[in-house]
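Remarks on the overall topology
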Amino acid sequence: MSDNYAVLATFLLAGVALAMLVLALARKQEAPKAAEPFESGSPSEHKTWVQFRVRYFLIALVFVAFDMEMVYMFPWAVVFKRVGLVAFMDMFVFIAVLAVAIAYAWKEGAFEWER
Amino acid sequence: MHARQAPTREMATEDLVTWFGPEHPAVSGLRLQLTLDGEQVSAAEIELGYRHRGLEKLAERGWEQAAAIASQVDPRAPHAGAAAYARAVEALAKAELSGRAARLRVAILELERAASHLAWLANLARLLEARPAARLAGHLYRRASTALALLAGAPGAQRWIVPGGVAADAPADLLRALSGVLDALRGALDGLRMDRLAERRLNGLALVDGGRALEMGAAGPVLRATGVPHDLRTSSEVYRALGFEPVLGSGGDARARYSLHVAEVGQALTLAQRALTDLPRGAVAEKVPAIGVAGLARGHAEGPRGELSATVLTDGGERPLRVAFRGPSLAHAGLLSELLVGSMLADVPLAVASLDLSMEEAER
Amino acid sequence: MDPGAALVGLFGTLAVLVVATWLAAVLDGLGRALAVHQPVGLAALAAAPLARLGRLVRRADVIPANADGGLLWSAPVMAVAVVLLLAGVVPLGPGLVIADLNIGLFYVIVLLAPFVVALMNAGWGANAKYGVLGAFRAAGHLLAYEVPFGFAAIGAPMAAESLSLVKIVEGQDRLWYGVWQPVGFAIYLVSAAIITYRPPFDLPAADDLGGGVLADVSGPRYLLLRGSMLALWVLVSALGAVLFLGGWLGPLLPGPVWLVLKTAALMLAMSWVGYRLPRLRVDQMLGLSWKVLLPGTFLHIAITGVVILLQTGG
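The notes below deal with the structure included here. (Residues numbered from 1 in each chain as written. Chains lettered and ligands numbered in written order. Predicted model: local features only at pLDDT ≥ 70, side-chain atom pairs only at ≥ 80, totals over all residues. Heavy atoms only, no water.)

**What about the pairing of strand β6 (residues 294–303) of chain B?**
All names here are of chain B.
- Across 10 bridges, β6 lies against strand β7 (residues 306–315) in antiparallel orientation. Pairing of Arg298 across the sheet is with Thr311, part of β7.
- Between β6 and β7, which pair antiparallel in sequence order, lie 2 residues. (Pairing = 2+ DSSP bridges. Helix = DSSP H or I, 4+ residues; strand = E, 2+ residues; numbered from the N terminus.)

**Observations concerning unusual backbone geometry**
- The omega angle of the peptide bond from Pro199 of chain C to Pro200 of chain C is 5 degrees, so this bond is cis rather than trans.
- Residue position: Pro200 of chain C is located in the loop between α9 (182–195) and α10 (219–244).
- In this model, Asp278 of chain B sits at a positive phi of 50 degrees, which is unusual for a non-glycine residue.
- Topologically, Asp278 of chain B is positioned in the loop between α11 (254–276) and β6.
- By relative accessible area, Asp278 of chain B is classed as exposed at 70%. (Buried < 20%, exposed > 50% of the residue type's maximum accessible area, 1.4 Å probe, protein only.)

**Some thoughts on helix α5 (residues 129–153) of chain C**
- Taking 1.5 Å per residue, 25 residues should reach 36 Å; α5 of chain C reaches 36 Å between its end C-alpha atoms and fits that length.
- Counted residue by residue, α5 of chain C has 24 buried out of 25 residues, so it is predominantly covered. (Expected span 1.5 Å × (residues − 1).)

**What to know about the interface of chain C and chain A**
- Contacts between the two partners involve 81 residues from chain C, matched on the other side by 66 residues from chain A.
- Overall, the association of chain C and chain A removes approximately 6,700 Å² of surface from exposure, summing both partners, and the carbon and sulfur fraction of that is 78%.
- Contact with chain A buries surface across chain C, with Lys129, Trp290 and Lys291 of chain C losing the most and accounting together for 11% of the total.
- Among the salt bridges present, the one from Glu161 of chain C reaches Arg82 of chain A, with a minimum N-O distance of 3.8 Å.
- Inspection of the region where chain C meets chain A yields 9 residue pairs in polar contact (both at pLDDT 80 or more).
- Of all the elements in the fold, those that place two or more residues in the side of chain C that touches chain A are α1 (3–35), α3 (69–87), α4 (104–125), α5, α6 (155–160), α10 and α12 (282–312) of chain C.
- Class assignment for the residues of the side of chain C that touches chain A results in 53 nonpolar, 14 polar and 14 charged. (Contact = heavy atoms within 4.5 Å. Buried area = accessible area lost by both parts, 1.4 Å probe. Salt bridge = Lys/Arg side-chain N within 4 Å of Asp/Glu carboxyl O. Polar contact = N/O pair within 3.5 Å; in protein donor to acceptor, adjacent residues only side chain to side chain. Nonpolar A, V, L, I, M, F, W, Y, C, P; charged D, E, K, R; others polar.)

**Focus: the nonpolar core**
- Counting 249 residues, the largest nonpolar core has Phe66 of chain A, Leu34 of chain B together with Phe151, Leu243 and Trp290 of chain C as its most contacted members.
- By residue number, the principal contributor to this core is α10 of chain C, which donates 16 residues.
- Counting 5 residues, the second largest nonpolar core, distinct from the first, contains Ala19 and Leu23 of chain A together with Val77 and Leu224 of chain C. (Core = buried A, V, L, I, M, F, W, Y, C linked by side-chain atoms within 4.5 Å.)

**Considering the sheet that holds β6 of chain B**
Residues and elements named next belong to chain B.
- Spatially, 3 strands are ordered β6-β7-β8 in an open sheet, and the strand pairing comes out antiparallel. Of all the strands in the sheet, just β6 and β8 (322–326) have a single pairing partner and so form its edges. With direction set aside, neighbouring strand axes in the sheet form an average angle of 10 degrees. (Axes fitted to C-alpha atoms, helices over the stretch in contact; angles between N-to-C directions.)

**Regarding the side chain of Ser271 of chain C**
All names here are of chain C.
- By the secondary structure assignment, Ser271 is in helix α11 (residues 255–276).
- Overall, the relative accessible area of 1% leaves Ser271 in the buried class.
- A polar contact of 3.4 Å, which involves the side chain of Ser271, links it to the backbone oxygen of Leu27.
- Those residues within four positions of Ser271 in sequence are excluded, and the remaining contacts are Leu27, Asp28, Gly31, Arg32, Arg198 and Trp233.

Interpretation note: all reported values are geometric properties and have no functional meaning in isolation.
Take a look at the structure:
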């Protein structure tokens, strides 16, 4: 098994090296005007890296919870056939809880963008 | 919607201020300064000056020049501009149009409207990524333009409506070409209809209130889509004889404008067809000299984007003292800064396109 | 695996990826042409990506003024690395896989997330308004795809009793999972379109931002990012074929041919449907994901569980 990961580590290094090689070999643009970022043809005047208002932040919070719950489901899925009905009931309760969570978030307007 | 307020107000966020246009894939000819709160527009300012050509001053050089410039006021509606100017000169000279010339003018103005509306539909569908509809509308637009070219020559050099009538009679194959476009349109109506996703994008977008639109001086489809029955053609004898009734929309949003444009294309082509059928006999033009009559006169025409008018002041000399053109696009651009507030950035190109601005006409 | 075999595997994978990326560009064009009922010449479609490649290689690499150089570099590097790491676990045929991991499916789901980060870095690092706006749209994609993607894919390990992609394919020798897990399959395809930025979910790089995260990317850098996006599309589609269409399984033809055919069919379908639909705004996409796809996956897991229980008589 560790053999597999050694090979994948080689792949990772190869990918990084390949991309960096392409970037290193690329012809660089020297003209300063060309380096101005595109903003519909006007020089950029205002601050770019602002504290942006991320309107889906509530979804992001719900997402973190669900992402973790997804992690728990994978080991369950593997043993599901072996354990049988008990596993199904367990997961049924789990999904019911998740569904309630979704319904609550939905009702609270987490999925609507605040206007 | 929700009784409880999300506690976002307590978190300090900054606005992102960005330029939008004039060199933008979806917005050209004007520059918007958008203040974005998240992806939502909280303020929009419009800057003009990218399409100003000083046409009105140039028109003072001579009558020939003025007539040529009239058809350049709105490059996407050359005949409407020429018609407005011709009517102004006819009013000065107190000349009457022959029945045949009046009908021929209706035909070309309506054909122009159909072509312009089809181009608008193709553009909006393209921005909506409704690719089959965009392709269909683009195809119909090219057919309508071909029919238009039969009458008035290649685009860009079109000058056909002249004071006193029209420059030449309609070619025999025009009616056939027109019927061809009309048949193609009838077959394509299903394809032009919006699907549910497109409808949801356009619903409530760039919503214009009828009262506010009137106050700002809006006209054309933008105004009619709010349900206000304002159309210059209603007061025209020729149009009434052809059975004209203005098409009205309801809602005043981009969706209403989309449906209105689809309906007006069909109406325009039908009117053009009727106008060319059983043309009354008579001359297509009589000489209307602009030199020798003094005074102030105004002519109007209902262009594809709304009412176009030309005002001519002359002392009877070799050149007009003052020529002024007026169209609806400046008013529509003025509405834009109000309409954009609250909409999502991804909808801004759609909102701008849905007003069918002609910045050339707005800035002259 | 000895080092020699690993090197052969690496260069073989790279060659396959290059061809697959070209094929993805062709299928993208074909799907688009079909969607708008445009007559197509296959030769022109096949040549267009090559011509584009030639132009991009020659073009200069523009680094925007005041950009964050590190982030800007990281974007293509991360994207290419993710693609190679994913390509290493997709089984092409019986025994034809670089690394058959016992946590294969989980590994895939974990690796997809950095790809989103790569695009975000490209947008944010450019220090340009449209890039920054595109980066936040790209972040929205992460919230939209990952949970439905994982929950849709979970039907396969439930039936195969393993997360190994090879075992999942072998478990479908009698019936493809896609046949009796249609809900999961459909949700998988939609979330796959979201993660690979396929239309109608291509908002981070949309026209209204003049190209968004890719607006200030040019030349070879663009080639790497755009190529990775296409390659990722191939890989996620191939994974769809592995999870739901029996991977390499099929009569007569050799296994890899079957996998390529199934993958290409999925890609053409995604491209054709995608180009018929109008682009979705971020809020619409998130609404679709959380109000339709996620409840749909709960249904999918429940049905899959009941079917498996009935089958095993448990």
